[in-house]
Amino acid sequence: MIKTDILIIGAGPTGLFAVFEAGLLKLKCHLIDALPQAGGQCSEIYPKKPIYDIPGFPEVLAGELVDNLMEQIKPFQPGFTLGERAETIEKLEDDSFVVTTNKGTKHNAPIVAIAGGLGSFEPRKPLLENLSQFEDRGVAYIIKDPEVYRDKKVVIAGGGDSALDWGIFLADVASEVTLVHRRNEFRGALDSVEKVQHLKDAGKIKLITPAEIVGLNGNDKLESVVIRKTGDDSDIILEVDNFIPLFGLSPKLGPIGDWGLEIEKNAIKVDNTLDYQTNIPGVYAIGDVNTYPGKLKLILCGFHEATLMCQSAYQTIFPDKKYVMKYTTVGGVTGFDGSKKEAPKAVVKAIN
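This text gives an overview of the structure that appears in the document. Here the structure is a predicted model, which is why all the values come from computation and not from measurement.

Looking now at the overall build of the chain. The helix and strand inventory of the chain stands at seven helices and 25 strands. Split into buried and exposed, the 352 residues of the chain put 47% on the buried side. Sequence-distant contacts, at least 24 apart, represent 57% of the contacts inside the chain between residues at least 6 apart. A total of about 17600 Å² of accessible surface is found on the chain, and carbon and sulfur atoms cover 51% of it.

The full count for this structure, using the stated rule, is six aromatic pairs. Between Tyr314 and Phe318, the aromatic rings sit 5.2 Å apart at their centres with planes inclined by 55°, giving tilted as the arrangement. Residue classification places Phe318 among the partly exposed residues on the basis of a relative accessible area of 27%. Ring pairing ties together the aromatic residues Phe17, Phe20, Phe76 and Phe303, which thus form one cluster. Lys195 extends its terminal NZ or CZ atom over the ring of Tyr52, reaching a point 4.5 Å from the ring centre. Across from the ring centre of Phe318, 4.4 Å away, lies the NZ or CZ of Lys321, which sits over that ring.

This paragraph deals with the pattern of salt bridges. Using the criterion set out here, one finds eleven salt bridges in the structure. With a closest N to O distance of 3.1 Å, Lys74 and Glu71 form a salt bridge. Given the relative accessible area of 51%, Lys74 is considered exposed. We note a salt bridge from Asp172 to Lys204, for which the minimum N-O separation is 2.5 Å. Linking Asp172 in the loop between helix 4 (161-170) and strand 13 (176-180) with Lys204 in the loop between helix 5 (190-201) and strand 14 (206-208), this pair joins segments that are 32 residues apart in sequence.

Let's shift gears to the nonpolar core. Membership of the largest hydrophobic core comes to 78 residues, with the highest contact counts inside it found for Ile6, Ile8, Ile9, Ile114, Ile156 and Leu170. Lining this core are residues from two domains, each supplying at least three of them: domain 1 (2-121 + 250-341) and domain 2 (132-247). For Ile8, the residues in contact, after removing those within four places along its chain, are Gly15, Ala18, Val19, Cys29, His30, Leu31, Ile32, Ala113 and Ala115. Residues Tyr141, Val180, Leu216 and Val240 belong to the second largest nonpolar core, which totals 18 residues.

Definitions and limits used
Residues numbered from 1 in each chain as written. Predicted model: local features only at pLDDT ≥ 70, side-chain atom pairs only at ≥ 80, totals over all residues. Heavy atoms only, no water. Helix = DSSP H or I, 4+ residues; strand = E, 2+ residues; numbered from the N terminus. Buried < 20%, exposed > 50% of the residue type's maximum accessible area, 1.4 Å probe, protein only. Contact = heavy atoms within 4.5 Å. Areas by Shrake-Rupley, 256 points an atom, 1.4 Å probe, with all protein chains shown as cover. Phe/Tyr/Trp six-rings, centres within 6.5 Å; stacked < 30°, edge-to-face > 60°. Lys NZ or Arg CZ within 6 Å of the ring centre and 35° of its normal. Salt bridge = Lys/Arg side-chain N within 4 Å of Asp/Glu carboxyl O. Core = buried A, V, L, I, M, F, W, Y, C linked by side-chain atoms within 4.5 Å. Domains from an automatic or database assignment.

This is the structure:
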């Protein structure tokens, strides 16, 4: 059985950053993830997607963010159980937990932190009769390598952040980018909406709204899409090489949904007034997997939640100890192997 201080379910950015915050408290972490590598969606689905709201990084690719997080936590030597899904949880007499994976691997820890992101997921697909005919033949729901679209004619459908961000990114890659949305208003960040408008004015993106894709044409591969504008009886036939519908992901909690946790709209309810603990003492939920009043599904927010979770976990594991928090600029970061990254002197801040 694998024993650790904090067992983290999910090795995405929030789970990885929790390792760093726990390491500063001298707490050991082990992570479980159903994917074969760490990084969650950032590695599996969006490795080349630019992210703009990570402090200190005007722009960073999702894959690069994961690489940086892995480098940051290296001194704390976390354990990983990858390619296995957390299946069951059992509370022992000593109030610790045993989590067993679908392959029978058992993990024991006094603290369990669920950082499973959206859980298991699948892309939401448009209702087009012959859609499956062109999957991997011009139709894709995930962009892993934007170079695939170099000098190609691309149509993106959607009105959220993913559609806007990829439209902006591919404007400098594809020969032609068309963004189709069923409304005139977009759901994404205002800054991204403004960038798309500037690219439209500069002739680098074609914007067709309000409209929907109503048909796909081609033989062995996709050759054109049929676009219907709202209130217009005539359709637009647009020659394309690729059609990318980005309507988000349909999330599922999977086995975690049967753990006795309080669930609301497929997310785990937590107490955000203190430490993001669930209705089961000792079990926390951080990142996109949780919900509370005012919740924002941002990586930045997940980092904040991970920090407070680790502070609470320390008090649970060591109820008689008073921890004095220091800025990492005080003495640097000391790994479990004794390695240390030195830092200049700074003011010490104590938290009671």
